[in-house]
Amino acid sequence: MAVRSLRHLIRDATLVCSAYFIHEFAHQTIFRSAQANARWGLLMGWLNGSCFARFDDLRRKHMRHHLERADVLTFDAKGFLLRSPAWLRRTVVALEWAYFPAVEYLMRAFVILMPFRAGGTASARLRIVAIALLRLAALALLAIASPKALLLYCLAVLIFITVLRFADCFQHTYDAYPILDDRPLPQDKIRDRDYGQAHTFTDVAGVSDAWGHALLNMVWLNFGFHNAHHERPTVPWHRLPAYHRTLYRPDHAQVITVGELLHSFHANRIRRIFAQDYGQVGPFGTPGRADRFVGAVGVSFLTAV
């Protein structure tokens, strides 16, 4: 039983790590060659199902996120739901209440359907169809070989998406702009380094050198050390904890541990779908300081194309 549980944990961690390796490859922190980073980023996309989006598109949007200090999205899920029929909104709310990441699946559906909208090219449509057929064939073969394995794979995907959305939820209070092309952001405020750091949060299992904390932070390749990452995006994942300690004191106001965020992630899971702001974070050391930190939804770097 213990060996079987370990296998399931490794499978889940593999999907999560593959996503954060896409992030590392996008920042070109693994290989010196841009082509090598792109090839491995493409492979990671095939592992976790984000291959419907082109790696170059993911990288381009993510670089805008860093340079312009905003969430430049592909699809305005909140606006879509507000304009949708009541039955669809109620369905999404019910699924999210039950911890099914319905909004994230809406984002992924939009990525798949985007080439079929006006302005999409025939080659882009053919690419989506080919990827869909290959992945469906692979899932069908898995079902024939072992229906149980298919069910466990689906469960692993749900856990994978939930881990990613938890990490994305509390890392920024940036403004979000649904922009498909390369149009500039509105010049409505100064988004300088100070703005970026003030609206970025470090959400980690712990900032001590404890072995358990380090292991948990490695599940998402130290992605939680986000202030340090935005201060110098070229620092590779395995150096981020040490780099964080050179920049910030242990009581740095932007540091919020995973334990502090779990209650907010649970309590605000419906509110954040339609919330007009991200909420507030209390002073460091205050009990329940993150309870009113509503967070973001639908801002994954895997669906920003």
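Just so it is clear, the structure is predicted and the values come from calculations on it, not from any experiment.

K.L.:
Even after reading the chapter, I still don't get the overall build of the protein, so can you show me in this structure?
P.N.:
The helix and strand inventory of the protein stands at 14 helices and 4 strands. Principal-axis analysis of the C-alpha atoms gives the protein an extent of 50 × 50 × 45 Å. Partitioning the intrachain contacts of the protein with sequence separation of at least 6 by distance along the chain shows that 72% fall at a separation of at least 24. For the protein, the computed accessible surface area is about 15700 Å², with 66% contributed by carbon and sulfur atoms. Placing the 35 positive and 23 negative side-chain charges of the protein at their respective mean positions leaves the two points 7 Å apart.

K.L.:
Please clarify how a nonpolar patch on the surface should be interpreted in this entry.
P.N.:
Together, Ile 30, Phe 31, Trp 40, Leu 43 and Leu 47 line one region of the surface with nonpolar side chains, adding up to about 420 Å² of accessible area. Summarising the element assignment, Ile 30 is placed in the loop between α1 (2-26) and α2 (34-48).

K.L.:
It is not clear to me how unusual backbone geometry should be interpreted in this structure. Could you clarify?
P.N.:
In this structure, Arg 69 is a non-glycine residue whose phi angle is positive, near 50°. Mapped onto the elements of the fold, Arg 69 is located in the loop between α3 (55-68) and β1 (71-73). The residue Leu 221 is not glycine, and still its phi comes out positive at about 50°. Checked against the element boundaries, Leu 221 lands in the loop between α10 (211-219) and α11 (226-231). Judged by its relative accessible area of 5%, Leu 221 is buried.

K.L.:
What's the story with empty space enclosed by the protein in this structure? I'm lost.
P.N.:
One way to see where empty space is left: roll a probe the size of a water molecule over the atoms. Following the criterion strictly, the structure yields 5 cavities of 30 Å³ or more and no others. Space inside the largest cavity adds up to approximately 210 Å³. Along the wall of the largest cavity there are 16 residues; nearest its centre are His 62, His 65, Asp 71, Val 299 and Phe 301. Broken down by secondary-structure element, the contributors of at least two residues to the lining of the largest cavity are α3 and β1.

K.L.:
Before we go on, may I ask you to explain the packing of aromatic side chains in this structure?
P.N.:
Aromatic ring pairs are described here by two measures, namely the spacing of the ring centres and the angle between the planes. This model, assessed by the stated rule, comprises 17 aromatic pairs. The structure contains a cluster of three or more aromatic residues connected by ring pairs, namely Phe 166, Phe 170, Phe 201, Trp 220, Phe 265 and Phe 293.

K.L.:
Help me out: how do you make sense of the pattern of salt bridges in this one?
P.N.:
One side chain can pair with another of opposite charge once the charged atoms of both are near each other. A full pass over the atoms with the stated rule returns 14 salt bridges. Taking the shortest distance from any N to any O, the salt bridge between Glu 231 and Arg 193 comes out at 3.0 Å. Of this pair, Glu 231 sits in helix α11 while Arg 193 sits in helix α9 (residues 193-198), and the two are 38 residues apart along the sequence. On the basis of relative accessible area, Glu 231 is assigned to the partly exposed category, the value being 26%. Among the ionic contacts, a cluster of salt bridges with common partners joins Glu 96, Glu 104, Arg 108 and Arg 165.

K.L.:
Sorry, what's going on with the packing of helix α5 (residues 86-97) against helix α6 (residues 102-113) here?
P.N.:
When two helices pack together, their arrangement is given by the angle between their axes and by how far apart the axes lie. Relative orientation of the contacting elements α5 and α6 amounts to 125°, with a least axis distance of 8 Å. As judged from the angle between their axes, α5 and α6 are oblique. Residues Val 92, Leu 95 and Glu 96 of α5 pack against Ala 102, Val 103 and Leu 106 of α6. Taken together, the residues that form the contact of α5 with α6 break down as 5 nonpolar, no polar and 1 charged.

K.L.:
Would you mind going over α3 with me for this structure?
P.N.:
Because the α-helix completes a turn every 3.6 residues, residues three or four places apart line up on one side. The end-to-end C-alpha separation of α3 is 20 Å, in line with the 20 Å expected for 14 residues at 1.5 Å each. Every buried residue of α3 is accounted for by Phe 55, Leu 58, Lys 61, His 62, Met 63, Arg 64, His 65 and His 66. Two residues or fewer past α3, Arg 69 is found with a positive phi of approximately 50°.

K.L.:
Just to check I follow, could you spell out the environment of Leu 42 for this structure?
P.N.:
Summarising the element assignment, Leu 42 is placed in helix α2. On the basis of relative accessible area, Leu 42 is assigned to the partly exposed category, the value being 44%. With 20 residues separating them along the chain, Leu 42 and Ile 22 place their C-alpha atoms 7.9 Å apart.

K.L.:
Just checking my understanding: could you explain the environment of Leu 215 for this structure?
P.N.:
Note that Leu 215 resides in helix α10. Taking the relative accessible area as the measure of exposure, Leu 215 reaches 44% and is therefore partly exposed. Put simply, Leu 215 and Ala 205 are 10 residues apart on the chain and 8.9 Å apart in space, counted from C-alpha to C-alpha.

Thresholds, definitions, all that
- Residues numbered from 1 in each chain as written.
- Predicted model: local features only at pLDDT ≥ 70, side-chain atom pairs only at ≥ 80, totals over all residues.
- Heavy atoms only, no water.
- Helix = DSSP H or I, 4+ residues; strand = E, 2+ residues; numbered from the N terminus.
- Contact = heavy atoms within 4.5 Å.
- Areas by Shrake-Rupley, 256 points an atom, 1.4 Å probe, with all protein chains shown as cover.
- Lys, Arg positive; Asp, Glu negative; His and termini not counted.
- Charge placed at Lys NZ, Arg CZ, Asp CG, Glu CD.
- Patch = residues over 30% accessible without salt bridge, like charges linked within 9 Å, V, L, I, M, F, W, Y side chains within 5 Å.
- Salt bridge = Lys/Arg side-chain N within 4 Å of Asp/Glu carboxyl O.
- Buried < 20%, exposed > 50% of the residue type's maximum accessible area, 1.4 Å probe, protein only.
- 1 Å grid on protein atoms, 1.4 Å probe; cavity = no way out; pocket = protein on both sides within 12 Å on 5 of 7 lines; lining within 4 Å.
- Points joined across faces, edges and corners; volume = space filled by probe spheres on them.
- Phe/Tyr/Trp six-rings, centres within 6.5 Å; stacked < 30°, edge-to-face > 60°.
- Axes fitted to C-alpha atoms, helices over the stretch in contact; angles between N-to-C directions.
- Parallel < 35°, antiparallel > 145°, perpendicular 65-115°, else oblique.
- Nonpolar A, V, L, I, M, F, W, Y, C, P; charged D, E, K, R; others polar.
- Expected span 1.5 Å × (residues − 1).

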